[in-house]
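Observations on the three-dimensional arrangement
Below are the chains, spelled out letter by letter.
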Amino acid sequence: MTDIKTDILIIGTGVAGLMFALKTAEHGSVALVTKKEAMDSNTNLAQGGIATVFGATDSFDLHISDTLASGDGLCNKDVVKMVVKAGPACINELTRLGVCFNTQQAPGSQGDSTPGFDLGREGGHCQNRIVHAHDMTGREVERVLVELARRHPNIQLFENHVAIDLITQSTRMRRGLVTTTHEDFCCGAYVLDRAHHQVKTFAAHITMLATGGAGKVYLYTSNPDIATGDGMAMAYRAGATIANMEFVQFHPTCLFHPEAKNFLISEAVRGEGGILIDAGGHRFMGDYDPQKDMACRDVVARAIDTELKKSGNDSVFLDITHRPADEIRGRFPNIYEKCLSLGIDMTRTPIPVVPAAHYMCGGVVTDVQGRTDIRHLYAVGETACTGLHGANRLASNSLLEALVYADTAAKDVVELLQSNRFNPLPQPPAWDDVGTSDSDEMIVVSHNWDEIRRLMWNYVGIVRSNKRLERAQRRIDIIQNEIQDYYWHFKVIPDLVELRNIATVAEMIIKCARHRKESRGLHYNLQYPKRDDRRWCKDTIIRRQVVG
Ligand SMILES: Cc1cc2nc3c(=O)[nH]c(=O)nc-3n(C[C@H](O)[C@H](O)[C@H](O)COP(=O)(O)OP(=O)(O)OC[C@H]3O[C@@H](n4cnc5c(N)ncnc54)[C@H](O)[C@@H]3O)c2cc1C
C-alpha cells in the first residue's frame, strides 16, 4: 500500500533541498522529508559565508584559479567555471527572497550610493569575496528558506521522517535492500516516521537526495547529529556511482572545550588576522607553509595535527587579541558569545582549538544538472560529487555549489515534468518487516556507533598509513556483518538506520583511501607522501556490486 504519492520527493532541508523545493514547487507536488526539525542541518551552522565575485579588484578568473589550486589537480574545470560565474546571480536571488547579508558603503561615498556586500576573506582566497551575515550566514539563509517552504501551497513538509532506502523499479527484496539493473530508475523511498514508529512508502517521479555530509563518521566533527551520510549510503546501496570519498576535509579550528559540542571557530577569524600559536606562544604556521596562517585548510589541519602529536598537548590556540575588541565583537558576535559562555573572552585570551571532520568532498556522482546515473534520481549539495571541489574544497564554496546546482537541477526537472514523459507512478512494494522484533540488544547499536567513529578518527584521519587503513578495513568488515545481522532481525529505529549508514560511509572512505597510492589534497598517506600526477590524477570511482 503506497502511503504518499508525489511528483517530487526531496530528502533534506538544508540549503540544497530547500532551494530545489522552492524552484520546482510551481511545477508539481513536492514532498519535503527531513529527519529532525527543518532547521537541523549543516547549513544552519555555516558561519563564514558564500564565496562570490563582487569585489572591485576581484574577477571570475581569480576565483576560478583559487578553486583549482585548492582542488589540487582534481577539479573539473568546466564545473568550476560554471559554478563561479553563476555565483552573483545566486546571491542576488537570496537577497530578493529576503536573506540579509552584511553590507558596506563604498569607501569615499557620501552615503548616497547603493551599499555593496561586506566581503570577508578566508584561507586559500586571494581576494575578499565572502558574502556573509555576520558569523551566522547559514542560519540566516535557512531561516528565510524554511519560512518560504512552510508557506508554499505545493510543498508538504514531513519533519521527523528518516529516509531509510531508495526504491528503484526493480526493488524486490525485503526491507529496502535494493537490487538494481542498468535499466533501472528510482521511484521514491522508504521513510521512517519517528513519531508513529511506522515505515511509509513515498512514491515519486523524481527523487532528490539533499541529505548533506557525513562528519559523524568521525569521533570529532564540526557537524551536527544529522550528518551521517545517509544519502551517500542509500545511493551506494541502490547502485549509483560514488567518487572521491577519501577526500574528507578536517576543519583546523574547532573549539576545544569539554562542554562545547561541535562548535566551529570560523576560518574568517584567521581571515581577520587570527594567528595560530602553540602553548608556548610560538607562531608555528610559518614552519609549514609560506602563506602561514592563511594557508589552505588541509595544510593548517595537518600542521596542527603534527604539533599536537609532537607536544602531546590537547590543543593549540587561535589568537586574535591584537585586534580591537569592538571589531571582534561586531564581526563575530556568535563566536564571541559562545566562547564567553565557556569562560573564554576571545578579545583578551587566545581560543583553544583542534581540527575536526568538517566536509565531504566526495559523494554521489552527478552531471551538471545534478543527475546521478540512476534515472530520476538526483543529488545536490554536500551529498553530491560534482567535480567542483576536487581533492580539497576551497572555503565557502559549498553553499555556493548547493545554490548553483539546486538551480540547474530544478531547470532539468521542470523540463522533464513538463515534457510529460512519465508513466503513471509505479506501486512500489510495501515495507516488509515480517519476522523482525523489537531490539533487545541496543548495546550493539551504541557500541558500534562509538567503535566506528573512533576507528575512523584513529586510522583514517588527517594522516593515514597503509597499516592503519588495513586495520580499519578489517574492523569495518566485522562491524558491517554485525550490523547487517542486527538489521535483518530487529525493527528499524533511527539510530540503527544511521549506524548502518555511517558504517557504509566508513567502508567507502576506507576503500577509496586504500585505492589512492599517493598524497593529494586532503588525502595524506605516510607511505606515499608525494602527489603522483602520472598515475593518480583522476577520481576514485566506486560502485556497489550489482546483485541479480
Ligand atoms: C560548522 C559548519 C560551518 C560551515 N561553514 C560554511 C561556510 O561558511 N560556507 C560554506 O560554503 N560552507 C560551510 N559549511 C559547509 C556547508 O554548511 C554545508 O556543506 C552545506 O550547508 C550543505 O548543505 P546541504 O543542503 O547539502 O546539507 P545540510 O544543510 O546538511 O542538510 C541536510 C539535510 O538532510 C536531512 N537528512 C539527512 N539524512 C536524512 C535522512 N535519512 N532522511 C531525512 N532527512 C535527512 C538533514 O536533516 C538536513 O535537513 C559549514 C559546515 C559546518 C558544519
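One can find the structure itself at the top, above this paragraph.
So, a few notes on the structure that sits alongside this text. (Residues numbered from 1 in each chain as written. Predicted model: local features only at pLDDT ≥ 70, side-chain atom pairs only at ≥ 80, totals over all residues. Heavy atoms only, no water.)

Looking at the overall build of the protein
In terms of regular secondary structure, the protein is built from 14 helices and 20 strands. Scored against the burial criterion, the 548 residues of the protein give a buried share of 61%. The long-range share in the protein, meaning contacts at least 24 apart out of those at least 6 apart in sequence, stands at 74%. Approximately 21,400 Å² of the protein is accessible, and the part contributed by carbon and sulfur atoms is 50%. On the protein, the mean spot of the 61 positive side-chain charges and the mean spot of the 67 negative ones are 4 Å from each other. (Helix = DSSP H or I, 4+ residues; strand = E, 2+ residues; numbered from the N terminus. Buried < 20%, exposed > 50% of the residue type's maximum accessible area, 1.4 Å probe, protein only. Contact = heavy atoms within 4.5 Å. Areas by Shrake-Rupley, 256 points an atom, 1.4 Å probe, with all protein chains shown as cover. Lys, Arg positive; Asp, Glu negative; His and termini not counted. Charge placed at Lys NZ, Arg CZ, Asp CG, Glu CD.)

What about the sheet that holds strand S15 (residues 316–319)?
Strand order in this open sheet of four strands is S13-S16-S15-S14, and the pairing throughout is antiparallel. The open sheet has two edge strands, strand S13 (248–255) and strand S14 (275–277), and neither has a second partner. This sheet shows a mean twist of 45 degrees between the axes of neighbouring strands, independent of strand direction. As judged from the three bridges shared by S14 and S15, these two strands associate in the antiparallel manner. Note that in S15 the partner of Leu276 across the bridge is Leu318. Each of S13, S14, S15 and strand S16 (351–360) touches helix H7 (residues 297–311); the most contacted strand, S13, lies at about 60 degrees to it. (Pairing = 2+ DSSP bridges. Axes fitted to C-alpha atoms, helices over the stretch in contact; angles between N-to-C directions.)

Thoughts on the site of the ligand
Inspection of the region around the ligand gives 38 residues, with Thr43, Gly49, Asp230, Glu382 and Ser398 positioned closest. Contact distances for the ligand include 3.0 Å between an oxygen atom and a side-chain N or O atom of Thr34. Between a nitrogen atom of the ligand and a side-chain N or O atom of Ser398, the distance comes to 2.7 Å. For the shell around the ligand, the elements supplying multiple residues, two or more each, are helix H1 (15–24), strand S9 (161–168), S16 and helix H10 (398–418). The greatest single-element share of the shell around the ligand, amounting to three residues, is contributed by S9. Looking at side-chain class alone, the shell around the ligand contains 13 nonpolar, 20 polar and five charged residues. (Near = heavy atom within 4 Å. Polar contact = N/O pair within 3.5 Å; in protein donor to acceptor, adjacent residues only side chain to side chain. Nonpolar A, V, L, I, M, F, W, Y, C, P; charged D, E, K, R; others polar.)

Remarks on the packing of helix H2 (residues 60–71) against helix H3 (residues 77–97)
Where H2 contacts H3, the two axes come as close as 9 Å, and the packing angle between them is 135 degrees. By the angle between their axes, H2 is oblique relative to H3. Considering the relative orientation of H2 and H3, their crossing is right-handed. Only Lys77, Val80, Lys81, Val84, Lys85 and Pro88 of H3 make contact with H2, whose side of the interface consists of Phe60, His63, Ile64, Thr67 and Leu68. Across the contact of H2 with H3, the residue classes break down as six nonpolar, two polar and three charged. (Parallel < 35°, antiparallel > 145°, perpendicular 65-115°, else oblique. Left-handed = near helix turned anticlockwise from the far one by under 90°.)

Points about helix H9 (residues 333–341)
Among the residues of H9, those classed as buried are Asn334, Ile335, Tyr336 and Cys339. Against the buried residues of H9 lie helix H4 (137–151), S13, helix H6 (267–271), helix H8 (325–331) and S16. Where H9 terminates, the next one or two residues include Gly343, which has phi positive at roughly 85 degrees.

Describing the sheet that holds strand S3 (residues 50–51)
Within the open sheet, the three strands sit side by side as S3-S7-S6. Their pairing is antiparallel. In this open sheet, the two edge strands, each paired with only one partner strand, are S3 and strand S6 (119–120). Relative to strand S7 (residues 130–131), S6 runs antiparallel, the two sharing two bridges. Among the inter-strand pairings, Leu119 is bridged to a residue of S7, identified as Val131.

Digging into the pairing of S15
Examined bridge by bridge, S15 and S16 share three bridges and lie antiparallel to one another. Note on S16: the bridge partner recorded for Phe317 is Pro352.

A few points about helix H13 (residues 494–515)
Its 22 residues place the ends of H13 32 Å apart at the C-alpha level, agreeing with the 32 Å of an ideal helix rising 1.5 Å per residue. Of all 22 residues in H13, 18 are buried; the element is thus mostly enclosed. (Expected span 1.5 Å × (residues − 1).)

With respect to the packing of aromatic side chains
All told, the structure shown has nine aromatic pairs when counted by the stated rule. Where Phe158 meets Phe202, the ring centres are 5.0 Å apart and the plane angle is 85 degrees; that geometry is what we call edge-to-face. Separated by 44 residues along the polypeptide, Phe158 in strand S8 (residues 155–158) and Phe202 in strand S11 (residues 198–209) bring together distant segments of the chain. An identical accessibility class is assigned to Phe158 and Phe202; each is buried. Relative to Trp457, the ring of Tyr220 has its centre 4.9 Å away and its plane inclined at 85 degrees; by these criteria the two rings are edge-to-face. Taken together, the positions of Tyr220 in the loop between S11 and helix H5 (230–238) and Trp457 in helix H11 (residues 442–459) put the pair 237 residues apart, joining distant regions of the chain. Clustering of aromatic rings is evident, with ring pairs tying together Tyr218, Tyr220, Phe250 and Trp457. Stacked on the ring of Tyr359, the Lys or Arg Arg393 has its end atom at 4.3 Å from the ring centre. (Phe/Tyr/Trp six-rings, centres within 6.5 Å; stacked < 30°, edge-to-face > 60°. Lys NZ or Arg CZ within 6 Å of the ring centre and 35° of its normal.)

That's the geometry; what it means functionally is another story.
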